[in-house]
Amino acid sequence: IEERHDQVELMTQMLMEFETLDAEDVRFITNDTWDIEEKRKRLKEAEDRFKRTKATPPPPPGEEGEEEAEGEQAKAGDDPVPNPL
């Protein structure tokens, strides 16, 4: 541990900032090629890839779209529930 004190200290600091390190991060740290900006860039890219867009809710009843639904029922010519008699 004393030989790699600086690397262990860096891992400690990075765990406090990022909460997790993957195998690639550990390799970079142990090979003295760690770049914190590269880690931040990778995290940002991953976040952007999985970011969900907000869905637009349908209009409330009585607004746009209701007339179209009524028109489609009228075109069908059948009652939604057939009369058994």
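As shown above, the structure is provided for reference.
Each chain carries its own residue numbering, running from 1 in the written order of its sequence. Residue-level local features of this predicted model are given only where pLDDT is at least 70; pairs of side-chain atoms are given and counted only at 80 or more, and the full residue set underlies all totals for whole chains, interfaces and linings. Computation of side-chain values: all heavy atoms of the structure, hydrogens and water removed.

**Quick notes on the pattern of salt bridges**
Side chains that differ in sign of charge can pair as their charged atoms come close.
So, point 1. Whenever a carboxyl oxygen of Asp or Glu lies within 4 Å of a side-chain nitrogen of Lys or Arg, that contact is scored as a salt bridge. Under the definition given, this model contains seven salt bridges.
So, point 2. Between Arg 42 and Glu 24 there is a salt bridge, and its shortest N-O distance comes to 2.8 Å. Here Arg 42, found in helix 3 (residues 36–50), pairs with Glu 24, found in helix 2 (residues 23–30); they are 18 residues apart in sequence, far enough to count as distant.
So, point 3. A simple rule labels every residue: compare its accessible area, found with a 1.4 Å probe on the protein chains alone, to the largest value its type can have, and call it buried under 20%, exposed over 50%, or partly exposed in between. Relative accessible area serves as the criterion here: at 33%, Glu 24 is assigned to the partly exposed category.
So, point 4. Arg 40 is the salt-bridge partner of Glu 37, the closest N and O atoms lying 2.8 Å from each other. Residue Glu 37 and its partner Arg 40 are both found in helix 3; the two are separated by three residues, about one turn of the helix.
So, point 5. Overlapping salt bridges, with partners in common, bring together Asp 22, Glu 24, Asp 25, Lys 39 and Arg 42 in one network. Helix and strand labels come from DSSP, where a helix needs a run of H or I of at least four residues and a strand needs a run of E of at least two; each type is numbered from the N terminus.

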